[in-house]
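Below are the chains, spelled out letter by letter.
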Amino acid sequence: MEQIFNPYLPLTEYVPDGEPHVFDGRVYIYGSHDVPNGIQYCEGHYVTWSAPVDNLKDWRYEGVIYRRNQDPSNQNDQMQLWAPDVTKGPDGRYYLYYCFSFYPEIGVAVSDSPAGPFEFYGHVKYPASILGGKTLQEHMPFDPAVLTDDDGRVYLYYGFAPACEKEMHFPEISEEEISKLPKEKQGIMRLLSTIRFGENGMAVELEPDMITMKTEPKPCIPGGHHTAGTGFEGHGFFEASSIRKVGSKYYFVYSSHKSHELCYAVSDHPIEGYRYGGTIVSNGDIGYQGRENPVNTLGNNHGGMIQIGEDWYIFYHRQTNGTEFSRQGCAEKIQIQEDGSIAQVEITSCGLNGGPLKASGIYPAAIACHLTSKETMKNIDYNAPVMKTQTRIVEHQNSVWVTDVKDGTVLGYKYFDSQEAGEMFVELRGSFNGKITISTDEQAACVIGETNVEISQECWKNVRIPVNAVEEVHALYFTFAGKGTLEVKTILFA
């Protein structure tokens, strides 16, 4: 039986910041493009994948749709393409909005097809009557989102507002110090030394040319230190603008100052009047049913909502490879209630599958939606050495597994259908002396199988674990106790 799980793209593909859109009967995912074991954000060119709306298990690679050096501002290919968005303009063509690193500029590319390729079109600018039509640089043009409304009017959203948990400062650097850097880095360092970050999420209407602003941008979501008394306290705007229209309401999805969560706000107007709604998803399940400890490595988050058929989904991303720079896209079904509210959803392994996974066959261990160890951090700190030593998903030579599995590691998978009594196999390698326990709950109170393990080898080996029957839809948690370190590649129902 055909199935799909999180992440929904191949385990060797890294497309974070996912913005899903339905065009001509297919779902297209637009995002930035990380690489395995990355050393900086978004090292790849833009690619896109698509799937038919009636089969979200059949994703197709559409190829590279836009390259970094197509924009004249990056002809030397020194900057990275960060989170984009795409809309179908009133003229029937498809417009790609993007930004480079912290470069204060929003680029626009255009194509006759949602699958690209896209060609450079220009940079978002003021009208001639305002600032002489110069390129937009104010309020940190970053993470653009775009909406073509039902009446054909087009709206642009953007912003970057580090504050609270995510304060950011660039170190001051003198012109003398800059001049000592390699020439290819001097320009960007001069630019960074002048950047003044915005403090809110911004919005503006565009002319039908898709590139000229009608007015000056206006704040639409409070961020920074502007949330007091607004209803956004504790969940102010940070980054990751995303916009959708649901009926007559406008839903603005964004990453809050907590960074790991995607929140939403609702308004009757595309640019103003937004009211805080709540958290839709956290890539560590923080806040879900009161949870305080993360179920996975926390990291930044970015994604968008999409209606496919009768169902709504939220797309988001997770961190892998012990770094912030190798992120993978995931998705979960959400419910928009009659009053317009959206309850926070938990992260799962089954994602777009339309139901639980079959308790049969073989699965990659890397689809774990719960991945913790004693070193799992309760906050985001990308510079902490533990990022490279805690239990984590890694890729080497196009093969993916879970590494640094040790005493206290828990690998969890949600959800599977009913399961007959029999046995499971876990594909392992490493040096370990201890026990593996399989349970249907995180606390390992409902144990359905366990085995002692004594292994010391570099080659993969299947370890058998007898299991009891489970008659209902359930989670599976593998808890490791003992001395040594393992790597886990697959789990197998037999």
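Rules behind the numbers
Residues numbered from 1 in each chain as written. Predicted model: local features only at pLDDT ≥ 70, side-chain atom pairs only at ≥ 80, totals over all residues. Heavy atoms only, no water. Helix = DSSP H or I, 4+ residues; strand = E, 2+ residues; numbered from the N terminus. Rg over C-alpha atoms; globule rule 2.2 N^0.38 Å. Buried < 20%, exposed > 50% of the residue type's maximum accessible area, 1.4 Å probe, protein only. Salt bridge = Lys/Arg side-chain N within 4 Å of Asp/Glu carboxyl O. Pairing = 2+ DSSP bridges. Axes fitted to C-alpha atoms, helices over the stretch in contact; angles between N-to-C directions. pLDDT = per-residue confidence, 0-100. Contact = heavy atoms within 4.5 Å.

Looking only at helices and strands, one finds two helices and 27 strands in the protein chain. Over its C-alpha atoms the protein chain spans a radius of gyration of 23 Å, differing by no more than 12% from the 23 Å that the globule rule assigns to 494 residues. Each principal axis of the C-alpha distribution contributes one length, and for the protein chain these read about 75 × 55 × 45 Å. Counting all 494 residues of the protein chain, 59% fall into the buried class.

Enumeration over the complete set of coordinates arrives at 22 salt bridges. Taking the shortest distance from any N to any O, the salt bridge between arginine 93 and aspartate 91 comes out at 3.4 Å. In this structure, arginine 392 engages aspartate 404 in a salt bridge whose closest nitrogen and oxygen atoms are separated by 2.5 Å. Note that arginine 392 is positioned in strand β22 (residues 392–396) and aspartate 404 in strand β23 (residues 399–405), a separation of twelve residues in sequence.

Turning to the sheet that holds strand β11 (residues 200–206), a few remarks are in order. Taken in spatial order, the four strands make up an open sheet running β9-β10-β11-β12, and their pairing is antiparallel. Of all strands in the sheet, those with a lone pairing partner are β9 (145–148) and β12 (218–222), marking the two edges. Across the sheet, the axes of successive neighbouring strands diverge by a mean angle of 25°, strand direction being ignored.

Moving on, we get to the pairing of strand β19 (residues 327–334). Within β19, seven of the eight residues are buried, leaving the element largely enclosed by the surrounding structure. Relative to β19, strand β18 (residues 311–319) runs antiparallel, the two sharing eight bridges. Directly across from tryptophan 312, in β19, lies its bridge partner isoleucine 334.

Turning our eyes to something else, we now look at unusual backbone geometry. The step from asparagine 6 to proline 7 runs through a cis peptide bond, and the omega angle for that step is -5°. Residue lysine 414 is joined to tyrosine 415 through a cis peptide bond whose omega torsion reads 0°. Within the secondary structure, tyrosine 415 is located in strand β24 (residues 410–416). In this structure, serine 101 is a non-glycine residue whose phi angle is positive, near 40°. Looking at where serine 101 falls in the secondary structure, it is placed in the loop between β6 (94–99) and β7 (106–111). Residue serine 101 is classed as buried on the basis of its relative accessible area of 10%.

Moving on to the confidence of the model for the protein chain. Summary statistics for the protein chain give a mean pLDDT of 93 and a share of 93% for residues scoring 70 or more. Segment residues 164–170: pLDDT under 50, and 18 contacts once partners within four positions in sequence are set aside and those in other chains are kept.

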